[in-house]
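Chain and residue survey
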Amino acid sequence: MEREMRVHGHDPWIKHYTFLVKQLCKQKRYAEACNFLAEIVQDGFVPDIFAYSAAIDGFVNIKVADQALEMFRDICGRGYCPDVVAYNTLINGFCKVERISEAHDVLDEMVAKGLVPSVVTYNLLIDGWCKHGEIDQALNCLSRMVGMEREPNVITYTTLIDGLCNAGKPDDAIHLWNEMKGKRSSPNRISFIALIHGLRKCGLPDAALLYFHEMAEKEMPDTIVYVALVNSFISNEKPTLAVEILKEMVDNEKFPNPLDKNDLPLREAILELAEGANSS
């Protein structure tokens, strides 16, 4: 590719190489990107850290962490000093293939080299530990984050709230929710969905309903949450509350996806309620 540019009278710059590597990776042509990097090195050019980071990110996207690590170690051996973004890319790669301990080792390496991990760094690890079912490790990561004077954001809290509910710790999830509200991180739609679904899964539909009403006050109603609450109240033999939510769905014109066969009986019930309301 680089030779083609020269044949056509173009004198490529390093920024052109970086752009080409990024474009190849965007098109998922990762092998070509790596071959291109090797080719330009043989021709005497030295790609910058951004080109290598793009290639490493490409390996991460196809979940081949070992190749990403190999390239990362190779560029370190050549005297490059990867920045926080490059380290985050590697951490993300290990988390994607559920090798969270190795991702944590990369964090330790960052700190040992004098780099200051970003909020993104910690969020990646917290998400990795939560998805791996290691909620205590995720909370330890939060403590380390705060100790490094990195302010948790709404993504941090939402991830942990979801993880705590999945671990059967709804009280801790609510405590963290209140902590989030007491800081600058205001809950968003995804935060509400995580808590409401989490409480519902923990067998606490009444508590979930309270947060649903708070969500509705902020004009963030969501059809998925409506459906989940109705199903929870039906499962917990609370038909009156299920009907109440159904009526709210009708009033707010929140109808389940007609293509989802699982929601078909619910959709029919809502349409009947709507017809009844229109005829009265």
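Residues numbered from 1 in each chain as written. Predicted model: local features only at pLDDT ≥ 70, side-chain atom pairs only at ≥ 80, totals over all residues. Heavy atoms only, no water.

Brief notes about the side chain of Ser 53
Along the chain, Ser 53 turns up in helix H4 (residues 49–61). Given a relative accessible area of 15%, Ser 53 falls into the buried group. Excluding its chain neighbours within four sequence positions, the residues that come into contact with Ser 53 are Ala 86 and Thr 89. (Helix = DSSP H or I, 4+ residues; strand = E, 2+ residues; numbered from the N terminus. Buried < 20%, exposed > 50% of the residue type's maximum accessible area, 1.4 Å probe, protein only. Contact = heavy atoms within 4.5 Å.)

Details of the pattern of salt bridges
All told, the structure shown has 11 salt bridges when counted by the stated rule. The shortest N-O distance in the salt bridge between Lys 181 and Glu 214 comes to 2.8 Å. Taken together, the positions of Lys 181 in helix H11 (residues 170–181) and Glu 214 in helix H13 (residues 205–217) put the pair 33 residues apart, joining distant regions of the chain. For Lys 181, a relative accessible area of 42% gives the class partly exposed. Three or more residues joined by partner-sharing salt bridges are found here, namely Asp 66, Arg 99 and Glu 102. (Salt bridge = Lys/Arg side-chain N within 4 Å of Asp/Glu carboxyl O.)

Some points on the nonpolar core
Val 21 and Ile 196 are the most contacted members of the largest nonpolar core, which has 80 residues in total. For this core, the element with the most residues is H4, which contributes 8 residues. Dropping the residues within four chain positions of it, Val 21 is found in contact with Ala 33, Phe 36, Leu 37, Ala 51, Ala 54 and Ala 55. (Core = buried A, V, L, I, M, F, W, Y, C linked by side-chain atoms within 4.5 Å.)

Description of the packing of helix H6 (residues 84–96) against helix H7 (residues 100–112)
Across the interface, H6 lies against H7 with an axial gap of 7 Å and an inter-helix angle of 165°. Classified by the angle their axes make, H6 and H7 are roughly antiparallel. Considering how the two elements wind past one another, H6 and H7 form a crossing that is right-handed. When H6 is examined against H7, the residues Val 84, Tyr 87, Leu 90, Ile 91, Phe 94 and Cys 95 are found in contact with a partner set consisting of Ile 100, Glu 102, Ala 103, Val 106, Leu 107, Glu 109 and Met 110. Within the contact of H6 with H7, the residues separate by chemical class into 11 nonpolar, no polar and 2 charged. (Axes fitted to C-alpha atoms, helices over the stretch in contact; angles between N-to-C directions. Parallel < 35°, antiparallel > 145°, perpendicular 65-115°, else oblique. Left-handed = near helix turned anticlockwise from the far one by under 90°. Nonpolar A, V, L, I, M, F, W, Y, C, P; charged D, E, K, R; others polar.)

Re helix H8 (residues 119–131)
Spanning 13 residues, H8 covers 18 Å between terminal C-alpha atoms, matching the ideal 18 Å at 1.5 Å per step. Those residues of H8 that fall on the buried side of the exposure criterion are Thr 121, Tyr 122, Asn 123, Leu 124, Leu 125, Ile 126, Gly 128, Trp 129 and Cys 130. In this structure, the buried residues of H8 make contact with H6, H7, helix H9 (135–147) and helix H10 (154–166). Positive backbone phi, at 80°, marks Gly 133, one or two positions downstream of H8. (Expected span 1.5 Å × (residues − 1).)

A short note on the packing of H10 against helix H12 (residues 189–201)
Contact geometry for H10 and H12: axes closest at 9 Å, N-to-C directions at 10°. Considered as vectors, H10 and H12 are oriented roughly parallel to each other. Across the interface between the two elements, Val 154, Thr 158, Ile 161, Asp 162, Cys 165 and Asn 166 from H10 touch Ile 190, Ser 191, Ala 194, Leu 195, Gly 198, Leu 199 and Lys 201 from H12. Looking at the contact of H10 with H12, its residues break down into 7 nonpolar, 4 polar and 2 charged.

Some words on the confidence of the model for the chain
For the chain, per-residue confidence averages 82 on the pLDDT scale, and 84% of positions sit at 70 or higher. Mean pLDDT in the chain bottoms out at helix H1 (residues 2–7), which sits at 51, and peaks at H8, which reaches 97. In this model, residues 6–11 is a region of pLDDT below 50 whose contacts with residues beyond four sequence positions or in other chains number 6 contacts. (pLDDT = per-residue confidence, 0-100.)

Examining the side chain of Thr 159
On the secondary structure map, Thr 159 appears in helix H10. Taking the relative accessible area as the measure of exposure, Thr 159 reaches 15% and is therefore buried. With residues up to four places along the chain from it excluded, the contact list for Thr 159 reads Ile 126, Asp 127 and Cys 130.

Focus: the packing of aromatic side chains
Counting across every chain of the model gives 4 aromatic pairs. Judged by centre distance (4.9 Å) and plane angle (70°), the ring pair of Trp 177 and Phe 192 falls under edge-to-face. Remark: Phe 192 occurs in helix H12 and Trp 177 occurs in helix H11; sequence separation between them is 15 residues. Look at Trp 177 and you get buried, because its relative accessible area is 0%. Here the aromatic rings of Phe 212 and Tyr 226 are separated by 4.8 Å at their centres, their planes lie at 70°, and the arrangement is edge-to-face. Of this pair, Phe 212 sits in helix H13 while Tyr 226 is found in helix H14 (residues 223–235), placing the two residues 14 residues apart along the sequence. Comparing Phe 212 with Tyr 226 shows no difference in burial state: the two are buried. An aromatic cluster of at least three residues, connected via ring pairs, comprises Trp 177, Phe 192 and Tyr 211. (Phe/Tyr/Trp six-rings, centres within 6.5 Å; stacked < 30°, edge-to-face > 60°.)

Quick word on the environment of Phe 192
You can call Phe 192 buried: its relative accessible area is 0%. Through-space distance from the C-alpha of Phe 192 to that of Thr 158 is 8.4 Å; in sequence the pair is 34 residues apart. Aside from chain neighbours lying at most four places away, what touches Phe 192 is Trp 177, Pro 187, Tyr 211, Glu 214, Met 215, Lys 218 and Met 220.

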